Amino acid sequence: MADGIWILAAAVIAFAVTGLLGKWMVPFLHKINFGQTIREVGPKWHQKKNGTPTMGGFMFIIGIFVAAAASLVLFYRTSGQNPQDMNMQTKLVAGFLMALGFGGVGFIDDYIKVVKKRNLGLNEKQKLILQFLVAGAYLFSLYLSGGSSVTLIPFLGGVDLGIFYWVISLLGIVGMVNAVNFTDGIDGLNASVTFFASLIFMVIAGVLGASGMGILAAATAGGCLGFLIWNFNPAKVFMGDTGSLFLGGWFAHWAMA
């Protein structure tokens, strides 16, 4: 029952912080002319989106962090439980840093688009190199903290893949991050898909009794819902690659947890 209270609190806090940040951030992005440049090859109706503020992903990044940090701390203090597994603690911290790293790659991409007034920022090669570096640093931190290369395979149980575990994980993380990134494209699409995906993770966390993961999933769902206030059609702000790559890294961390 106690964990349910903090899961709900995480969702409400993330929703409130993200939604309220929009009241300041959307006008601020307008003021500094951080607008999205729309491709000319796209449909004519999409051209009216040209100049809509981008990098709005900062809203839910902040909202998720504030909600998750506050709720996790209060949950462990009030429940008497302790996150004693150092490997899990390392995964949590490293996972959030990885998500921020991917968000940083997205910020560079968005910034180039804004400054150059074009739809394309980093080229594919530059973006992939940076993404592999971020994912590699995350996996290396897990390896140094004693992370195991054993994975569960249906009907086979735990299987030690050795070095192939890290190679597959590296490719899987980058692939998942780009899958989330490609989902972003029209008003409300990525945030709404991520909202429902977060609800599924909440259910999985409930079944497994993983209260910490449930709190993180709830914070993400709340953050996405708060962002949708500003991103529903007609969108007043886009999350940009800053937001979509962060969400991709965040979900990749969950898959590794």
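See the structure printed just above.
Residues numbered from 1 in each chain as written. Predicted model: local features only at pLDDT ≥ 70, side-chain atom pairs only at ≥ 80, totals over all residues. Heavy atoms only, no water.

(A) Inspection of the pattern of salt bridges at higher detail. Enumeration over the complete set of coordinates arrives at four salt bridges. One salt bridge in this structure joins K127 and D109, with 3.2 Å as the shortest N-O distance. Taken together, the positions of K127 in helix α4 (residues 124–144) and D109 in helix α3 (residues 86–116) put the pair 18 residues apart, joining distant regions of the chain. Of the two residues, K127 and D109, both sit in the buried class. The partner of D241 in a salt bridge is K113, and the shortest N-O contact between them spans 3.7 Å. Of this pair, D241 sits in helix α8 (residues 240–256) while K113 is found in helix α3, placing the two residues 128 residues apart along the sequence. There is no split in this pair, since D241 and K113 are both buried. (Salt bridge = Lys/Arg side-chain N within 4 Å of Asp/Glu carboxyl O. Helix = DSSP H or I, 4+ residues; strand = E, 2+ residues; numbered from the N terminus. Buried < 20%, exposed > 50% of the residue type's maximum accessible area, 1.4 Å probe, protein only.)

(B) Quick peek at the pairing of strand β1 (residues 150–153). In terms of strand pairing, β1 meets strand β2 (residues 157–160) through four bridges, oriented antiparallel. Within β2, the residue paired with I153 across the bridge is G157. A loop of three residues connects β1 with β2, the two strands running antiparallel in sequence, and F155 in this loop sits at a positive phi of about 75°. (Pairing = 2+ DSSP bridges.)

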